[in-house]
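The chain contents come next:
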Amino acid sequence: MLSEPDGFSLIVEFPSPTLDEDRSLHIWVDESVTPSFGFGPDHTHGSPDEAGIQEILHLTHAVLDDRLVIATDVGGHHDGHRAWLDISDPMAILSELTSPYSPGTIHIQTFTGTADRTVRLSDLAE
């Protein structure tokens, strides 16, 4: 439990096996019982009902299973931009690489580190 100026929060952190703090998974509930989820560059909030809790659990399983990953643009105008990518969708990587904002190369970081890789649009054409 963490005491904050606006009340108490329960925070659970799952450190990445890579020991990279930027890949830690955080789940927390604030004083208004809003479930929240954070991984890498972003976080989201669920509704304080069964559907919201299920959403947070779904995201948690996706990260722990290396299906929800961090995609970082390599090069281009937005070099270093990071966002979540759900690679359980077979078209996700292709869609990301062909986006008008993509430099055509992304670095994928997974929670466990076992499937980290750099992917180029030209790699998919082979």
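This text gives an overview of the structure that appears in the document. (Residues numbered from 1 in each chain as written. Predicted model: local features only at pLDDT ≥ 70, side-chain atom pairs only at ≥ 80, totals over all residues. Heavy atoms only, no water.)

**Some words on the sheet that holds strand S7 (residues 82-86)**
Then step 1. Reading across from one edge, S7-S6-S8-S9 is the order of the four strands in this open sheet, with antiparallel pairing throughout. Every interior strand has two partners, whereas the edge strands, S7 and strand S9 (117-120), have only one. Taking the axes of each pair of neighbouring strands and ignoring which way they run, one obtains an average angle of 35 degrees across the sheet.
Then step 2. Inspection of the sheet shows strand S6 (residues 68-73) paired to strand S8 (residues 105-109) by four bridges, in the antiparallel sense. Its bridge partner being in S8, threonine 72 is matched across the sheet by histidine 107. (Pairing = 2+ DSSP bridges. Helix = DSSP H or I, 4+ residues; strand = E, 2+ residues; numbered from the N terminus. Axes fitted to C-alpha atoms, helices over the stretch in contact; angles between N-to-C directions.)

**Here's the deal with the side chain of threonine 110**
Then step 1. Structurally, threonine 110 is set in the loop between S8 and S9.
Then step 2. Looking at threonine 110, its side chain comes within polar contact range of the main-chain nitrogen of glycine 113, at 2.9 Å.
Then step 3. Discounting chain neighbours no more than four positions away, the residues touching threonine 110 are Arg23, Asp66, Val69, Ala115 and Asp116. (Polar contact = N/O pair within 3.5 Å; in protein donor to acceptor, adjacent residues only side chain to side chain. Contact = heavy atoms within 4.5 Å.)

**Topic: the pattern of salt bridges**
Side-chain pairs of opposite charge can arise whenever the charged atoms involved come near each other.
Then step 1. Summed over the entire model, instances satisfying the criterion amount to five salt bridges.
Then step 2. Here aspartate 20 and arginine 23 are joined by a salt bridge, their closest N and O atoms 3.3 Å apart.
Then step 3. Classification of arginine 23 as buried rests on a relative accessible area of 7%.
Then step 4. Arginine 23 is the salt-bridge partner of aspartate 116, the closest N and O atoms lying 2.8 Å from each other. With aspartate 116 in the loop between S8 and S9 and arginine 23 in the loop between strand S2 (7-14) and strand S3 (25-29), this residue pair connects regions lying 93 residues apart in the sequence.
Then step 5. On the basis of relative accessibility, which here comes to 28%, the residue aspartate 116 falls in the partly exposed class.
Then step 6. Bridged by salt links that share partners, the residues Asp20, Arg23 and Asp116 form one connected network. (Salt bridge = Lys/Arg side-chain N within 4 Å of Asp/Glu carboxyl O. Buried < 20%, exposed > 50% of the residue type's maximum accessible area, 1.4 Å probe, protein only.)

**Topic: the side chain of serine 16**
Then step 1. Mapped onto the elements of the fold, serine 16 is located in the loop between S2 and S3.
Then step 2. Within polar-contact distance, the side chain of serine 16 engages the side chain of threonine 18 at 2.7 Å.
Then step 3. If we ignore the near neighbours within four places in the chain, the residues touching serine 16 are Arg23, Ser24 and Phe111.

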